[in-house]
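Here are the chains, one letter per residue:
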Amino acid sequence: MITLGIDTSCDDTSAAVVLDGRATLSNVVHSQIRLHHPYGGVVPELASREHLRNIEDVVEEAFSRAGITPAELDGIAATVGPGLIGSLLVGLYYAKGLSYVLGIPLVGVNHLEGHILSVFLEEETPRFPFVALTVSGGHTSLYHVEGFGRYTLLGQTLDDAAGEAFDKVAKILGLGYPGGAVIEKLALEGDRGKIRFPRPLLAPGSLDFSFSGLKTAVSLFVKGWRERERQAIDISEADIAASFQEAVVDVLVQKVMEAVERSEVYFLVIAGGVACNKRLRGRLIERASSAGVAVFFPRPAYCTDNGAMIALAGYHRLSRGERADLSLDVRSRFPIDDLAPIG
Ligand code: KG4
Ligand code: ZN
């Protein structure tokens with residue numbers, strides 16, 4: 001079964017062709033980073049216009065790299081939410097048009113389900129049940145995953161997502177958008193123990209996250225640091241980046257390991273853009289292996305937004321008979337609890 005997956009939930013226009021929900025034949029991503037960079041974040045109106053400009057080329061490129069014609073497709077999967085309404089609309093309505101013209105089934109996919117399942121695009125895959133952390137610019141959520149389509153939310157951010165905190169701190173330091181990779185690179189030259197930023201853990205036992213206080217702490221610190229003339233206090237921008245990153249990683253590692261212990265699982269999956277972070281990867285591998293837990297990270301191209309994870313999630317739904325009709329609409333909010341179980 002050959003599935004086309006389309007994701008336009010935020011600022012990447014992506015389309016991928018996936019065979020039998022496992023083998024990626026093509027995965028094309030048109031990034032809008034350069035467009036949004038000057039604004040320090042995604043501008044929704046610009047994003048949807050850019051999706052509209054590029055969707056056709058991106059889908060055609062996905063067919064040509066996969067070496068197939070549209071007529072060879074068996075089904076189409078498109079992200080319906082959560083995400084930016086204007087962006088989602090472009091991908092979903094393009095998918096609807098294509099499914100109608102080709103006379104093949106369409107299914108709507110929850111973007112978070114795509115991130116949770118993205119690890120199944122890899123050779124090495126976890127066994128159910130596992131704990132999954134999806135950590136990106138839009139979400140920081142922990143799930144107990146019992147099977148395809150069977151997800152229980154264990155905790156989530158009450159304010160900013162972890163990736164959003166990276167982006168905001170990068171903006172405070174004048175490093176542009178997006179911030180994750182830039183902060184990670186800068187942090188390599190810094191001392192992560194130099195500044196003790198707060199580790200927001202919330203109530204004892206809580207698996208929820210909160211990163212807005214940490215962001216404010218960094219912002220206040222930077223203000224004071226600038227006023228007191230940087231060199232005079234022997235703290236570099238790299239020290240700030242490293243100390244901030246360590247605070248985020250500490251919180252993520254602690255909550256993830258608590259979720260793993262409580263759920264009594266032996267497999268752990270970390271997905272979403274922030275899962276590209278090597279310090280997070282290293283710290284988690286260390287903690288998980290000493291607890292006898294196998295940890296799985298999709299490769300970076302499957303961590304950040306991509307069409308392949310949508311094609312994969314869509315394949316599982318389509319192959320169990322799920323079908324969407326042309327009245328299917330987008331949803332800016334789409335909690336995973338609202339998902340119909342697969343099969
Ligand atoms: O999954 P993604 O591409 O899009 C969303 O669904 O949000 O994630 C993008 C987010 C951005 O906030 C970006 O700063 C963050 O992931 N990110 C990173 C790294 N690479 C991307 N954060 C920390 N370290 C990285 N290496
Ligand atoms: Zn995402």
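The model shown is predicted, which means the values in this text are computed figures rather than measured ones.

**Student:** Report on the site of ligand 1, specifying residues and quantitative values.
**Tutor:** Among the 22 residues in the neighbourhood of ligand 1, the closest are listed as Gly-137, Asp-167, Gly-180, Glu-184 and Asn-277. Between ligand 1 and Gly-180, the relevant distance is 2.9 Å, taken from an oxygen atom to a main-chain nitrogen or oxygen of the residue. Residue Glu-184 places a side-chain N or O atom 2.6 Å away from a nitrogen atom belonging to ligand 1. Look at ligand 1: alone it shows 560 Å² of surface, and the protein chains cover 89% of it. Secondary-structure elements contributing two or more residues to the shell around ligand 1 are helix H4 (111–117), helix H5 (162–172) and helix H6 (180–187). Residues that form the shell around ligand 1 fall into these classes: 6 nonpolar, 13 polar and 3 charged.

**Student:** Explain the coordination of the zinc ion (ligand 2) to me, using residue names and the numbers behind them.
**Tutor:** The coordination sphere of the zinc ion (ligand 2) contains the protein donors His-111 (NE2), His-115 (NE2) and Asp-305 (OD), at a distance range of 2.1 to 2.2 Å. Given 4 donor atoms and angles of 92 to 145° at the metal, the environment of the zinc ion (ligand 2) is assigned as irregular. All donors of the zinc ion (ligand 2) come from a single chain, and their spacing in sequence reads H-x3-H-x189-D. One end of the pair, His-115, is in helix H4; the other, Asp-305, is in the loop between helix H10 (300–303) and helix H11 (307–319), and 190 residues separate them in sequence.

**Student:** Tell me about the sheet that holds strand S1 (residues 2–7), and name the residues and values.
**Tutor:** Strand order in the open sheet formed by 5 strands is S3-S2-S1-S4-S5, and the pairing between neighbours is mixed. Each edge of the open sheet is held by one strand with a lone partner, namely strand S3 (23–31) and strand S5 (106–110). For this sheet, the mean angle separating the axes of adjacent strands, direction not counted, is 20°. With 5 bridges joining them, strand S4 (residues 75–81) and S5 adopt parallel strand pairing. If you follow Gly-81 over to S5, its bridge partner there is Asn-110. Lying on the sheet, helix H3 (residues 85–102) is in contact with S1, S4 and S5; it crosses S4 at an angle near 155°.

**Student:** Lay out the packing of H5 against helix H8 (residues 237–263) in plain terms, naming residues and giving numbers.
**Tutor:** Packing of H5 against H8 brings their axes to within 11 Å, and their N-to-C directions diverge by 175°. Classed by the angle they form, the pair H5 and H8 counts as roughly antiparallel. Along the contact surface, H5 presents Ala-162, Ala-165, Phe-166 and Val-169, while H8 presents Phe-244, Gln-245, Val-248 and Leu-252. The residue makeup of the contact of H5 with H8, split by class, is 7 nonpolar, 1 polar and no charged.

What counts as what
- Sequence order as written defines residue numbering, which begins from 1 separately in each chain.
- Here chains are named by letter from A upward and ligands by number from 1 upward, in the order in which they appear as written.
- pLDDT decides what is reported in this predicted model: residues at 70 or higher carry local features, side-chain atom pairs at 80 or more are listed and counted, and totals for whole chains, interfaces and linings draw on all residues regardless.
- With hydrogens and water excluded, all non-hydrogen atoms of the structure serve as input to the side-chain values.
- Consider each residue's heavy atoms; a residue with any of them within 4 Å of a molecule or strand counts as near.
- Whenever a nitrogen or oxygen atom comes within 3.5 Å of another N or O atom, the pair is scored as a polar contact, on the condition that within protein one atom can donate a hydrogen and the other can accept it, and that pairs from neighbouring residues in sequence are kept only if both atoms are in side chains.
- Using a 1.4 Å probe, the Shrake-Rupley method yields the accessible areas, and only the shown protein chains count as cover for residues.
- Where helices and strands are cited, they refer to DSSP runs of H or I of at least four residues and of E of at least two residues respectively, numbered from the N terminus.
- Nonpolar residues are Ala, Val, Leu, Ile, Met, Phe, Trp, Tyr, Cys and Pro. Charged residues are Asp, Glu, Lys and Arg, and all others, Gly as well, are polar.
- Ligating atoms shown are N, O and S within 2.8 Å of the metal, or 3.2 Å for Na, K and Ca, and water is not included, meaning a site may look less than complete.
- Think of it this way: with four donors and all angles in the 85 to 135 degree range, the site is tetrahedral; with four or six donors, opposite ones beyond 155 degrees and the rest between 65 and 115, it is square planar or octahedral; otherwise it is irregular.
- Two strands pair under a simple rule: DSSP has to find at least two bridges between them.
- A fitted line through C-alpha atoms serves as each axis, taken over the contacting stretch for helices, and the angle formed by two N-to-C directions is quoted from 0 to 180°.
- We call two residues contacting when some pair of their heavy atoms lies within 4.5 Å.
- Working definition: roughly parallel below 35 degrees, roughly antiparallel above 145 degrees, roughly perpendicular at 65 to 115 degrees, and oblique for all remaining angles.

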